[in-house]
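Coordinates in review
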Amino acid sequence: MERFDTPTGYTMAMQPLLKPNLLRAGDRIAAVSLSSGAAARFPHRYQAGCRQLEAEYGVTVTSMPNALRPHEFLAANPQARADDLIQALEDDTISGIFSTIGGDDSIRLLPLIDPAHIRRHPKPFLGMSDTTITHFQFLAAGVASFYGPAIMTGFAENCGMHAYTRDAVRRALFEPETERRLPENPEGWTVEHLDWQDPVNQGIRRRLQPPMPWRFAQGEGVVCGRLIGGCIEVLDWLRGTSVWPAAHEWEGSILFIETSEEAPEPLAMLRMLRCLAAVGVLERVEGVLLGRPGGAKVDPARFSEWEIALLGALREAGREDTAVVTRMDFGHTDPVAVLPFGSLAEIDCVRKQIRLHPGAALK
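Figured I'd write up the structure that's included with this text. (Residues numbered from 1 in each chain as written. Predicted model: local features only at pLDDT ≥ 70, side-chain atom pairs only at ≥ 80, totals over all residues. Heavy atoms only, no water.)

The secondary structure content of the chain amounts to 10 helices and 16 strands. Taken over C-alpha atoms, the radius of gyration comes to 19 Å for the chain, in line with the 21 Å a tight globule of 363 residues would show. The C-alpha extent of the chain, read off along each of the three principal axes, is 50 × 45 × 35 Å. Buried positions account for 60% of the 363 residues belonging to the chain. Long-range contacts, defined here as pairs at least 24 residues apart, represent 78% of the contacts in the chain between residues at least 6 apart. A total accessible area of about 13,800 Å² is found for the chain, and carbon and sulfur atoms account for 50% of it. Distance between charge centroids for the chain: 2 Å, based on 37 positive and 46 negative side chains. (Helix = DSSP H or I, 4+ residues; strand = E, 2+ residues; numbered from the N terminus. Rg over C-alpha atoms; globule rule 2.2 N^0.38 Å. Buried < 20%, exposed > 50% of the residue type's maximum accessible area, 1.4 Å probe, protein only. Contact = heavy atoms within 4.5 Å. Areas by Shrake-Rupley, 256 points an atom, 1.4 Å probe, with all protein chains shown as cover. Lys, Arg positive; Asp, Glu negative; His and termini not counted. Charge placed at Lys NZ, Arg CZ, Asp CG, Glu CD.)

Attention now goes to the environment of arginine 28. Residue position: arginine 28 is located in strand 3 (residues 28–32). Along the sequence, arginine 28 and histidine 117 sit 89 residues apart, while their C-alpha atoms lie 20 Å from each other. Apart from the residues within four sequence positions on either side, arginine 28 is in contact with Thr60, Thr62, Asp91, Thr93, Ile94, Ser95 and Gly96. There is a polar contact of 3.4 Å between the side chain of arginine 28 and the side chain of aspartate 91. Engagement of the side chain of arginine 28 in a polar contact is seen with the side chain of threonine 93, the distance being 2.3 Å. (Polar contact = N/O pair within 3.5 Å; in protein donor to acceptor, adjacent residues only side chain to side chain.)

Okay, the environment of alanine 82 next. For alanine 82, the position within the fold is in helix 4 (residues 78–90). When its relative accessible area of 0% is taken as the criterion, alanine 82 is described as buried. When the C-alpha positions of alanine 82 and tryptophan 214 are compared, they lie 37 Å apart, and in sequence the two are 132 residues distant. Once you skip the residues sitting within four places of it in the chain, alanine 82 turns out to touch Leu109, Leu112 and Ile113.

With that settled, the discussion passes to helix 7 (residues 163–174). Taking 1.5 Å per residue, 12 residues should reach 16 Å; helix 7 reaches 15 Å between its end C-alpha atoms and fits that length. The complete set of buried residues in helix 7 reads Tyr164, Thr165, Ala168, Val169, Ala172, Leu173 and Phe174. Buried residues in helix 7 make contact with helix 2 (43–57), strand 5 (96–99), strand 7 (145–147) and strand 8 (180–181). (Expected span 1.5 Å × (residues − 1).)

Moving on: the side chain of threonine 326. Mapped onto the elements, threonine 326 comes out in strand 13 (residues 323–328). Note on threonine 326: relative accessible area 1%, which makes it buried.

Structure representation (structure tokens):
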């Protein structure tokens with residue numbers, strides 16, 4: 001471990017992180033299915049995602065050998081899924097690795113992928129939801145990754161990608177700046193579900209709810225920390241595993257959490273947060289970012305209930321001083337920001353801004 005002075009003068013202990021090379025037009029992107037076999041079940045959706053990804057950024061998407069296998073095969077063969085990730089890392093013609101979609105059993109890949117192997121072949125990795133598992137494998141390897149859209153979600157958005165998602169991917173993986181403000185989403189947001197089983201729905205634009213400003217729920221001044229987090233249900237599965245960060249590695253971090261399309265109730269989220277408090281996470285973080293609750297059945301009028309659960313957990317942990325921003329645009333909502341996992345972020349409670357320093361925390 002080493003001490004690191006941040007651009008705003010904060011000092012924190014952290015593991016050195018390798019910064020993968022930037023992506024650029026002409027690059028080859030590997031599509032990996034690390035959990036669900038949805039790409040085989042909904043091929044038109046997967047193809048739309050690949051097509052729109054290629055058109056927006058001038059890259060070529062290559063499906064790894066098992067990426068389009070049926071779900072039954074992938075469920076029975078976690079080694080095949082791990083092999084795809086390892087092959088994508090080792091192949092020098094592949095510049096980046098994008099998840100096709102999430103699922104619920106990436107955790108079975110933990111004993112099959114050596115973090116040291118990831119460190120020997122650092123490449124940009126992008127995904128969300130159950131892919132939280134893989135992000136923690138990259139973190140354990142000391143390699144930065146990116147929490148953002150999967151090929152079958154944000155990239156395959158009906159009638160074309162949202163501008164907010166499109167620009168977020170470009171600014172995170174193709175044209176990053178030393179420091180930048182994370183913008184709020186001016187487009188509006190949606191969790192509307194149009195059945196992927198019917199290819200006709202791919203041509204129907206989803207209805208957007210009016211833009212919802214972020215809420216700076218508590219905190220004072222400016223806090224800075226390393227971004228660590230993901231889908232909170234998956235974080236709950238990760239506790240105690242080989243890639244769970246040691247207590248001191250959470251020191252001075254900014255925890256980002258969001259809930260899946262299964263829409264766990266506020267009480268369920270509170271219980272998960274209490275577990276994070278019990279293992280010493282909440283007492284060590286400088287701030288918490290909460291994504292808009294996932295799930296098409298969640299009434300926006302209830303969003304405050306998840307905020308109350310989060311603030312209650314922090315209060316129980318004696319951390320009313322923790323900076324908290326809620327109703328953010330990442331995770332199981334659209335469009336989404338891209339959060340550079342392991343990089344430095346600032347929460348400015350005075351100006352009501354979040355700033356990213358994606359290069360500052362990377363070696």
